[in-house]
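# Structural overview
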Amino acid sequence: MIHTIYGTTRYAEAGKTNFHDMRESELPSAPTTVPLHRSLVQELHSWKTRDLTAIFNETRSQFSNTLNQLAETGLDLHDTTSLENLSEVFKDFRELETQQIVQQRSVNDAKMRYRTKSDELPAVTWENWDAYKAGDIRAPSIAEVFAEVQKEHHASPVDLPSDTLARLFRALPHIFADPTCILPDDRADDDLQIEGGQIELTCPITCMQFKRPMISRKCGHVFDYDGIKQYLGDQPSKDCPQSGCIQKISIRDLVRDELMELRCKVAATRNKAVKASTPLHTV
Ligand SMILES: [Zn+2]
């Protein structure tokens, strides 16, 4: 039995050692698709798109810092250009993030699909050479599998989940105009801390302006960290102190409320601006 698939062996066996004498039609034509060699398959399955999570996270925190700086210092109430520019850059960044996700999914899906399609294929031998050549046994081609997967992904683009940063970007133009405004995102949600059509910038426990606002993931109510710590005392959880709220609250349910932080910063900057522009004799 001849195990090698090289044409030279076949012709050598047949006693035709002089290749120059052969007409082109006599050259052995290869099947269009054959299974990948084992080492190539291994290589294929070890392919990974570069993990950019760390870079993306770093960029996100830089965006967040810039937003805060904008709220604290660079806030010109009549000039929204810097915010608009930043929003544009953020849009590009999200686009990049989306592409990365699509790429990662494509590679993973293509690898899986290639595996399913090629797992049962016999290795190429002289016995099945003709079957491969005639297409009776058909090995998937990597290029085809990739093209197929990419076409599918193209048809169903990813929707990035809405994240805090995207929400902040949507919120900021409204907050710049009025730090206590109810955001369009939240208008449908009547369970929030809304009094007289505006958001309170003071903690309902300490009755002071928020210093370190924390939001409950369960009910969306916001409290200052010190206030809620004091309220909970040594209890693991208690009823939410917001009147009318039926949820329990514990430190574990609370996360930093970046939106409220921004509101407070914008409000503080506006107050400073108002004070600075007030004529001295009215003070
Ligand atoms: Zn609550």
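The structure presented is a predicted model; accordingly, all values stated were derived computationally and were not measured.

If you check helix 9 (residues 258-277), its first and last C-alpha atoms are 29 Å apart, about what 20 residues at 1.5 Å a residue would give, namely 28 Å. Those residues of helix 9 that are buried lie in contact with helix 3 (53-72), helix 7 (164-177), strand 2 (198-199), strand 3 (213-216), strand 4 (222-224) and strand 7 (254-256). Its side-chain oxygen 3.2 Å from the backbone nitrogen of L259, D257 forms the N-cap of helix 9.

Moving on, we come to the packing of helix 3 against helix 7. Running from N to C, helix 3 and helix 7 point in directions that differ by 10 degrees, and their axes come no closer than 11 Å. Between helix 3 and helix 7, the angle falls in the class roughly parallel. For the pair helix 3 and helix 7, contact is made by R60, F63, S64, L67, L70 and A71 and by L165, L168, F169, L172 and F176, respectively. Of the residues belonging to the contact of helix 3 with helix 7, the class tally is nine nonpolar, one polar and one charged.

Bringing the sheet that holds strand 3 into the picture now. Pairing in this open sheet of three strands is antiparallel, and the strands run 4-3-7 from one edge to the other. Only two strands of the sheet have a single neighbouring strand rather than two, namely strand 4 and strand 7. Here the strands of the sheet are splayed against their neighbours by 40 degrees on average, with no regard to which way each runs. Bridge count for strand 3 against strand 4 is three bridges, and the pairing is antiparallel. What sits directly across from I215, in strand 4, is V222. Helix-sheet contacts for helix 8 (residues 225-232) involve strand 3, strand 4 and strand 7, and the interaxial angle to strand 4 is about 90 degrees.

What follows covers the coordination of the zinc ion. Taken together, the protein donors to the zinc ion comprise C219 (SG), H221 (ND1), C240 (SG) and C245 (SG), at separations of 2.0 to 2.4 Å. Classification of the site at the zinc ion rests on its four donor atoms, whose angles at the metal span 102 to 118 degrees, yielding the label tetrahedral. On the primary sequence, the residues serving as donors to the zinc ion are separated as C-x1-H-x18-C-x4-C. Of this pair, H221 sits in the loop between strand 3 and strand 4 while C240 sits in the loop between strand 5 (238-239) and strand 6 (248-249); the two residues are 19 residues apart in sequence, bridging distant segments of the chain.

For the rest of this paragraph, the subject is the packing of helix 4 (residues 81-118) against helix 6 (residues 142-155). Closest axis-to-axis distance for the helix 4/helix 6 pair is 9 Å, and the angle between their directions is 135 degrees. Considering the angle they form, helix 4 stands oblique to helix 6. As for how helix 4 packs across helix 6, the hand of that crossing is right-handed. Contact with helix 4, carried on its side by V102, Q103, R105, S106, V107, D109, A110, R113, Y114 and K117, involves I142, V145, F146, E148, V149, Q150, E152 and H153 of helix 6 and no other residues of that element. For the contact of helix 4 with helix 6, the per-class residue count stands at eight nonpolar, four polar and six charged.

Moving on: the nonpolar core. Considering soluble globular proteins, one finds that nonpolar side chains tend to be buried as a cluster. Of all hydrophobic cores here, the largest spans 22 residues; its most connected members are F63, L67, F90, L165 and F169. Elements represented by at least two residues in this core include exactly helix 3, helix 4, helix 7 and helix 9. Sorting elements by how many residues they give to this core places helix 7 first, with eight residues. Split by domain, this core shows at least three residues from each of two domains, domain 1 (37-123 + 140-155) and domain 2 (179-282). I199, C219, I228 and L254 belong to the second largest nonpolar core, which has 19 residues in total.

Moving on: the confidence of the model for the protein. The predicted model of the protein has a mean per-residue pLDDT of 80, with 80% of residues at 70 or higher. For the protein, per-element mean pLDDT is lowest for helix 1 (residues 7-13), which scores 41, and highest for strand 4, which scores 96. The low-confidence segment residues 1-19 (pLDDT under 50) makes 22 contacts with residues lying over four places distant or belonging to another chain.

This next bit is on the pairing of strand 3. Two faces belong to every sheet, and in a regular strand the side chains alternate between them. Between the antiparallel neighbours strand 3 and strand 4 lie five residues, among them G220 with a positive phi of about 80 degrees. Relative to strand 7, strand 3 runs antiparallel, the two sharing three bridges. Counted as the bridge partner of S216 is L254 from strand 7.

Time to look at the packing of aromatic side chains. Scanning the model with the defined rule gives seven aromatic pairs in all. Their ring planes at 50 degrees and their centres at 5.4 Å tell us that F63 and F93 sit as a pair that is tilted. Pair noted here: F63 is in helix 3 and F93 is in helix 4, with a separation of 30 residues, a long-range link. Both residues of the pair, F63 and F93, belong to the buried class. Centroid distance F63 to F169: 5.8 Å. Interplanar angle 80 degrees. Geometry classified as edge-to-face. A residue pair is termed long-range when its members are at least 10 positions apart, and F63 in helix 3 and F169 in helix 7 qualify at 106 residues. Classification of F63 as buried rests on a relative accessible area of 8%.

Definitions and limits used
Numbering of residues starts from 1 in every chain and runs along the sequence as written. Local features in this predicted model are restricted to residues whose pLDDT is 70 or higher, and side-chain atom pairs enter the listing and the counts only when it is 80 or higher, whereas totals over whole chains, interfaces and linings include all residues. Calculation of side-chain values draws on the structure's entire complement of heavy atoms; hydrogens and water are dropped beforehand. Where helices and strands are cited, they refer to DSSP runs of H or I of at least four residues and of E of at least two residues respectively, numbered from the N terminus. In this scheme, a helix's expected span is set at 1.5 Å multiplied by one less than its residue total. In this analysis, two residues are considered to be in contact whenever any of their non-hydrogen atoms come within 4.5 Å of each other. Pairing of N or O atoms within 3.5 Å defines a polar contact, subject to two protein rules: one partner must be a possible hydrogen donor and the other a possible acceptor, and residues neighboring in sequence count only if both atoms are side-chain atoms. Between the N-to-C directions of two axes lies an angle of 0 to 180 degrees, each axis being a line fitted to C-alpha atoms and, for a helix, fitted only over the stretch in contact. For this classification, under 35 degrees means roughly parallel, over 145 means roughly antiparallel, 65 to 115 means roughly perpendicular, and everything else is oblique. Polarity classes work like this: nonpolar for Ala, Val, Leu, Ile, Met, Phe, Trp, Tyr, Cys and Pro, charged for Asp, Glu, Lys and Arg, and polar for all others, with Gly in that last group. Here a strand pair is declared whenever DSSP counts at least two bridges between the two strands. For Na, K and Ca the donor cut-off is 3.2 Å, while for other metals it is 2.8 Å, and in both cases only N, O and S atoms qualify; water is not among them, so sites may look incomplete. Under this scheme a four-donor centre is tetrahedral when all angles range from 85 to 135 degrees, a four-donor centre is square planar and a six-donor centre octahedral when opposite donors are above 155 degrees with the rest from 65 to 115, and any other centre is irregular. A clockwise turn of the near helix away from the far one marks a right-handed crossing, whereas an anticlockwise turn of less than a right angle marks a left-handed crossing. Take the buried Ala, Val, Leu, Ile, Met, Phe, Trp, Tyr and Cys residues and link them wherever side-chain atoms come within 4.5 Å; each set so joined is a nonpolar core. When a residue's accessible area, from a 1.4 Å probe over protein chains only, is under 20% of the maximum for its type it is buried; when over 50% it is exposed; and in between it is partly exposed. Boundaries of every domain are those given by an automatic assignment or by a domain database. By definition, pLDDT measures how confident the predictor is in each residue, and it falls between 0 and 100. A pair of aromatic rings is counted whenever rings of Phe, Tyr or Trp (Trp by its six-membered ring) have centres within 6.5 Å, and the orientation is called stacked for planes under 30 degrees apart, edge-to-face for over 60 and tilted otherwise.

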